[in-house]
Amino acid sequence: MSENVNPQPPRRRSAFATRGFTRRRFLGLAGGAVAVAGGVSWAGKVLVPEPVAYAASGDPDLYLAGTDGWIHLPETPAIPPYHPDVLAPAPFTTYIFGFRNVTGMTALQKVGQKNKAQHSAPLFWVKQFDPAHPVDFKVQLTNLGLQGRPDLFDAHTLHWHGFRNVIPFFDGEPTGSVAVPSGRDFTYVYRPRDPGTYMYHCHVEDVEHVHMGMTGLVFVRPLQDGNTSLYRSGTYLYNDGDGSTGFDREFSMFLSEVWAEAHWADAHIQLPEWSDYHADFSLLNGRVYPDTIAPNGSVDPFHPVRDPNGDLIPPTGRPDLQYQPLSSLVTCNAGDRVALRFANLGFREQAMTLSGIRMRVLGRDATPMRGRDGTDTSYETETLDIGPGESYDVIFEAPDHQGPGFDTYLLYNRNYTRSNNLAPGSFGGQATEVRVYAANTVQQQQYPNDWGI
Amino acid sequence: MLAVTLLSLLGATLTGAAQATATPPPAVGIVCTTGAGGVSASPIFNLTTHTGYISLPDGNTTFMWGFSNGADDFQHPGPVLCVNEGDTVTVILHNTLPDATSVVFPGQENVLADGVPSQPEVSGATMTSLAGTAAAAGGSATYTFTATRPGTFLYESGTNPEKQVRMGLFGALIVRPTLGANHAYDDPTSRFTPNEEFMVLLSEIDPYQHQAVENGATFNMNTYHPRYWLINGRGFPDSIADNGAAWLPNQPYGSLASVSPFGGAAHPYPGLARYLNVGTEDYPFHPHGNNGLVIGRDGRPLTGSGGQDLSMEKFAINIGPGQTWDVLFKWFDAEGYNPTTNPVPVTVPSLANEVIGVFYSGSPYLGSRETLPPGTQSKNQCGEYYIISHNHALFQITSWGTNMTGPITYMRINPPTPNSCG
């Protein structure tokens, strides 16, 4: 962590460091890596221990760590020299920045997660803030540093994308507030008043940190949950008042992308030219098809399952997916109402198609499909166009079971270059399967994306 | 006969334009160009095409074409034409470019070009323009239409638009409703706070094509590849400089939104952001800290045939090419945090343990400032907040290698008065 005391200007901008506060210099500051100007009186950054421990605020509900790591994407066809990355430790291929859930870990376990980031970031959810029973939701963030890039001293933040009427202090946009340097902590406090599907990401140099994988999905459950008089399950997307958003099963579908050259560049101390951006891999919950239908690792952030060192336990039979724990396989019984929560933090618009089943769009950007006068603006579609930074909540009703076994429907990106792993003729990328079983076959979910079989 | 009329109109309006530019523009917000000459409800605009240069966040300059008002110098983008619903609008185009050019007004109906319905021009089997043209190097053309519907519209070249619009021949047209300039539409629920009205005009540039045009070579769509993305003709941080900033002589429009917290008798109405996309693909614009309420698109209110409210609240404003979106927005601290009566429920870390943003006051609280560690550069003035808005196709918030630039702007939240902001 000694890199934190280095008073040098932000990396990549040294050519402008000696010019004083020029316009170019200002750009570097606005980039957010370091907000210390090159003032001549500056004698180095002083890191002061907190006089009051975080015990003053109670334990956080969730404790996230920002660091780097490695994930696995299909090795073939290769994209020389970028993919697979020659620096990748087996069985991995691709360098990432990312988050990990370190809630409840010992200090030793926590620091042991450096270079063990996951993608997508840990899924989490919160109950809507209830003014009658006010409870804060606190997420503590620590920065474990980047083992693969000890020359960097990037800060991290947590930006809850779409959170309404938040103060900059808790927004995680580093230029208007503060960011967390390596070895330090910050606690974000949320009172989520609006149910729906959101996303979160690090906002420091977010062109890079978002693309490198510090992105995930978060959603807010409505206060209406538990009311079984409107829908049998008592679980809803929104406070609809009429059960129209009730569902039996729920699956998060987080969309992201990997441009192999950019990931390789970060591992090899190089810079990509971002205007050349393209997605080599389009990911669903951090994986590409057919890995998307491999089993879940530990998904529930409030009941994490880890090895004795605090590390993630790979899904059964898939050591290569150790740091991509979230499955996208949709399992349901005939007649179930199934909620899909989509959020896109890729840089391109996606066109998610559910072949053969109509989806009803009931929410968008954490807002129910209702006009100000209550007009129902929900609609049915087979293809959902999702722009970068948008979220959609849909529900479909699982059709009758044909059998034998389960019936398979495909959920895939209709922009076929995004549902392909670059291999000719093969399905891949942003695609998964919906499997419809005979009634009463699939068990109730213990957590979102739980298969129940 | 027509030519004589036009010449006399031009003479009158050029004089008017010169007088109008003597008034300094407001520092933030939309700078309206209103019709000069003509009579009430019949505004006349003179748009002159020019070539010029704009400054980009990586230090480059690029060659552009543009529309200017009357005898004004080159500017980018074109002037914001503000008219009222029902006005008979005349736009006289004076072309100084080496190519023929024209103006189309998407969303307007029954547009006349030189007195006849504006139609595509054809040469043999080839369509050469979407609208009647002003000849190269000195030609002119006159367009008239009745602004029947309030809302936000683009105007842009209709001649080789794949080249000429990319080169910069575009601007915004705002039609104020009969209900008043503090409404977006003829609907009481579209009322906004007049000094919190902002424009978000998004565009893109491929510098190689512009260089080719400057050198008399071909603008080649087959090799078209944008490297810059702009907001109101500027990239961040120029985007948050004042309107008319002296160091951006040809890029007059800033995009900083300066607002007060919403609520109470002093501030009962939201602000209005008018988004326009003149680029080649969807731009997903993301305002932090507050959702926008989309009340209109393409100059049409989001209202059903029976008056149903079809507006939608969004945190990502995903604007398609050629679209305009009218979005009401407001910001307030949902928790009402206050350093003495309602402090943030968390231990505030020592500033020495945080990386301090250049717009940060040192305090979580609006209107408060804390002493920053020595050597910290701060642009914070009086404890105001800065909340970012940016394109979320994040590779587009770069400028040919300079990251965290391009279509980024901020919403400045001013502390309640009295404050020390001056």
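Calculation notes
- Residues numbered from 1 in each chain as written.
- Chains lettered and ligands numbered in written order.
- Predicted model: local features only at pLDDT ≥ 70, side-chain atom pairs only at ≥ 80, totals over all residues.
- Heavy atoms only, no water.
- Helix = DSSP H or I, 4+ residues; strand = E, 2+ residues; numbered from the N terminus.
- Buried < 20%, exposed > 50% of the residue type's maximum accessible area, 1.4 Å probe, protein only.
- Contact = heavy atoms within 4.5 Å.
- Areas by Shrake-Rupley, 256 points an atom, 1.4 Å probe, with all protein chains shown as cover.
- Polar contact = N/O pair within 3.5 Å; in protein donor to acceptor, adjacent residues only side chain to side chain.
- UniProt positions renumbered as here; feature names shortened; annotations may be inferred.
- Pairing = 2+ DSSP bridges.
- Salt bridge = Lys/Arg side-chain N within 4 Å of Asp/Glu carboxyl O.
- Patch = residues over 30% accessible without salt bridge, like charges linked within 9 Å, V, L, I, M, F, W, Y side chains within 5 Å.
- Axes fitted to C-alpha atoms, helices over the stretch in contact; angles between N-to-C directions.
- Disulfide = S-S within 2.5 Å.
- Phe/Tyr/Trp six-rings, centres within 6.5 Å; stacked < 30°, edge-to-face > 60°.
- Lys NZ or Arg CZ within 6 Å of the ring centre and 35° of its normal.

**What to know about the overall build of chain A**
Phase 1: When helices and strands are tallied, chain A shows four helices and 21 strands.
Phase 2: Looking at the 453 residues of chain A, the share that counts as buried comes to 65%.
Phase 3: By sequence separation, contacts in chain A at least 24 residues apart represent 74% of the contacts at least 6 residues apart.
Phase 4: A total accessible area of about 15,500 Å² is found for chain A, and carbon and sulfur atoms account for 53% of it.

**Overview of helix α3 (residues 207-214) of chain B**
Residues and elements named next belong to chain B.
Phase 1: Here α3 has its buried residues at Pro207, Gln209, His210, Ala212 and Val213.
Phase 2: Structurally, the start of α3 carries an N-cap: the backbone nitrogen of Tyr208 is 3.0 Å from a side-chain oxygen of Asp206.
Phase 3: Positive backbone phi, at 80 degrees, marks Gly216, one or two positions downstream of α3.

**Thoughts on the UniProt feature "domain: Plastocyanin-like" (unreviewed entry) in chain A**
All names here are of chain A.
Phase 1: Mapped onto the present numbering, the UniProt feature "domain: Plastocyanin-like" (unreviewed entry) falls on residues 155-223 and 329-418.
Phase 2: Counting secondary structure, residues 155-223 comes out at 9% helix and 35% strand; the distance between its end C-alpha atoms is 35 Å.
Phase 3: End-to-end, the C-alpha atoms of residues 329-418 are 18 Å apart, and along that stretch the chain is 0% helix and 51% strand.

**Some thoughts on the pairing of strand β24 (residues 385-391) of chain B**
All names here are of chain B.
Phase 1: In terms of burial, β24 is largely enclosed, as seven of its seven residues are buried.
Phase 2: Side chains Tyr385, Ile387, Ser389 and Asn391 of β24 all project onto a buried face; the interleaved residues Tyr386, Ile388 and His390 project onto the opposite face, where all are buried too.
Phase 3: The pairing of strand β17 (residues 283-287) with β24 spans three bridges and is classified as antiparallel. Directly across from Pro287, in β24, lies its bridge partner Ser389.

**Observations concerning the interface of chain A and chain B**
Phase 1: Each partner contributes residues to the interface: chain A has 90 residues there, and chain B has 82 residues.
Phase 2: Seen at the junction of chain A and chain B, the total is eight salt bridges.
Phase 3: Between Lys314(B) and Asp365(A) there is a salt bridge, with its nearest N and O atoms 2.7 Å apart.
Phase 4: One can count 38 residue pairs in polar contact (both at pLDDT 80 or more) joining chain A with chain B.
Phase 5: When residues of the side of chain A that touches chain B are traced back to their parent elements, those giving at least two are α1 (23-31), β5 (159-161), β6 (178-179), β7 (185-190), β8 (196-201) and α3 (206-211) of chain A.

**With respect to helix α4 (residues 260-267) of chain A**
Residue and element names in this part refer to chain A.
Phase 1: With seven of eight residues buried, α4 is to be regarded as a mostly interior element.
Phase 2: If you check which residues of α4 are buried, you get Ala260, Ala262, His263, Trp264, Ala265, Asp266 and Ala267.
Phase 3: For α4, the elements touching its buried residues are β1 (62-71), β2 (94-101), α3 and β10 (249-258).
Phase 4: Within two residues after α4, Ile269 carries a phi angle of roughly 55 degrees, on the positive side.

**Some words on a nonpolar patch on the surface**
All names here are of chain A.
Phase 1: Where nonpolar side chains cluster on the molecular surface, the patch consists of Leu410, Tyr416 and Phe427 and spans about 250 Å² of accessible area.
Phase 2: Summarising the element assignment, Leu410 is placed in strand β20 (residues 407-413).
Phase 3: Residue class for Leu410 comes out partly exposed when judged on its relative accessible area of 31%.

**Looking at the environment of Ser239(B)**
All names here are of chain B.
Phase 1: Among the secondary structure elements, Ser239 is positioned in the loop between β14 (228-231) and β15 (257-259).
Phase 2: Given a relative accessible area of 0%, Ser239 falls into the buried group.
Phase 3: Along the backbone, Ser239 and Ser255 are 16 residues apart, and their C-alpha atoms lie at a distance of 5.5 Å.
Phase 4: Setting aside chain neighbours within four positions, we find Ser239 in contact with Ile231, Arg234, Gly254, Ser255, Leu256, Ile408 and Thr409.

**Focus on the sheet that holds strand β3 (residues 124-127) of chain A**
Residue and element names in this part refer to chain A.
Phase 1: Read across the sheet, four strands follow the order β3-β9-β8-β5 without closing on themselves; strand pairing throughout is mixed. The open sheet has two edge strands with one neighbour each: β3 and β5. Averaged over neighbouring strand pairs, the angle between their axes works out to 30 degrees when direction is ignored.
Phase 2: Bridging between β3 and strand β9 (residues 215-221) involves four bridges; their strand directions are parallel. Along β9, the bridge assignment pairs Lys127 with Arg221.

**Regarding the state of the cysteines**
Residues and elements named next belong to chain B.
Phase 1: Scanning the model with the defined rule gives two disulfides over all chains in all.
Phase 2: Each sulfur of the disulfide joining Cys32 and Cys82 lies 1.9 Å from the other. Residues Cys32 and Cys82 are joined by a disulfide whose S-S torsion is about -75 degrees; by sign, that bridge is left-handed. Residue Cys32 is found in strand β1 (residues 32-34), and its partner Cys82 is found in strand β4 (residues 80-84); the two are separated by 50 residues along the sequence.
Phase 3: Among the residues examined, Cys32 registers a relative accessible area of 33% and is labelled partly exposed.
Phase 4: Between the sulfur atoms of Cys382 and its disulfide partner Cys421 the distance amounts to 1.9 Å. Handedness here is read from the sign of the S-S torsion; for Cys382 and Cys421, about 85 degrees, the answer is right-handed.

**Quick notes on the packing of aromatic side chains**
Given two aromatic rings, one states the distance between the centres and the angle between the planes to describe the pair.
Phase 1: Counted according to the given criterion, the structure contains 46 aromatic pairs over all chains.
Phase 2: Here the aromatic rings of Phe124(A) and Phe137(A) are separated by 5.9 Å at their centres, their planes lie at 15 degrees, and the arrangement is stacked. You can see Phe124(A) sitting in strand β3 and its partner Phe137(A) sitting in strand β4 (residues 137-145), a full 13 residues away along the chain.
Phase 3: Using a relative accessible area of 1% as the deciding quantity, one classes Phe124(A) as buried.
Phase 4: On the accessibility criterion, Phe137(A) (8% relative accessible area) is buried.
Phase 5: Taken together through their ring pairs, the aromatic side chains of Phe99(A), Phe124(A), Trp125(A), Phe137(A), Trp160(A), Phe163(A), Tyr190(A), Tyr198(A), Tyr200(A), Phe219(A), Phe302(A) and Phe315(B) make up a single cluster.
Phase 6: The lysine or arginine in question, Arg341(A), covers the ring of Phe219(A), its NZ or CZ lying 3.8 Å from the ring centre.

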